[in-house]
Amino acid sequence: MFLFKPVRWLAIFWSLTAVTVYAQTVASPSGTSTAPSTASAITYQSALEGYQPYRDEKIKPWKESNDTVGRVGGWRAYAKEAAEPASQGNTAPAASGAPNPHAGHGKP
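Definitions and limits used
- Residues numbered from 1 in each chain as written.
- Predicted model: local features only at pLDDT ≥ 70, side-chain atom pairs only at ≥ 80, totals over all residues.
- Heavy atoms only, no water.
- Phe/Tyr/Trp six-rings, centres within 6.5 Å; stacked < 30°, edge-to-face > 60°.
- Buried < 20%, exposed > 50% of the residue type's maximum accessible area, 1.4 Å probe, protein only.
- Axes fitted to C-alpha atoms, helices over the stretch in contact; angles between N-to-C directions.
- Helix = DSSP H or I, 4+ residues; strand = E, 2+ residues; numbered from the N terminus.
- Left-handed = near helix turned anticlockwise from the far one by under 90°.
- Contact = heavy atoms within 4.5 Å.
- Nonpolar A, V, L, I, M, F, W, Y, C, P; charged D, E, K, R; others polar.

1. Concerning the packing of aromatic side chains
Move 1: Tallied over the entire structure, the rule returns one aromatic pair.
Move 2: Between Phe13 and Trp14, the ring centres sit 5.1 Å apart and the planes meet at 70°, which makes this aromatic pair edge-to-face.
Move 3: A residue is classified by how much of its surface remains accessible, and Phe13, at 46% relative accessible area, is partly exposed.

2. Here we look at the packing of helix H2 (residues 62-72) against helix H3 (residues 74-83)
Each pair of packed helices gets described by two things: the angle between the helix axes and the distance between those axes.
Move 1: For the pair H2 and H3, the least separation of the axes is 6 Å and the interaxial angle reads 60°. Remark: the crossing between H2 and H3 carries left-handed chirality. In this structure, H2 contributes Val69, Gly70 and Val72 to the contact, and H3 contributes Gly74, Ala77 and Tyr78.
Move 2: Of the residues assigned to the contact of H2 with H3, the class counts are four nonpolar, two polar and no charged.

Spelled out as structure tokens, the structure:
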């Protein structure tokens, strides 16, 4: 059965602490410290240096927005726009000479 012995755990803790402290303070073979000598060359740059606060945009009335969508062609125009290829460089396999496996699939 396992018995909790605080003396054993304290001995393990202090030995690990001593090894850690020793590893951080050991001198290099040339006799100098292992601390980086270029610490003064490091510069600080804030992550918030280029921060731009949120600016509230003027919102159009919903009726005007709906009228604009209706003039463009409604949701079908947006769906057609999304279905078109993004660029000429991104062509289907048919351009490489291989037959299109989806050719001939139409509505019944």
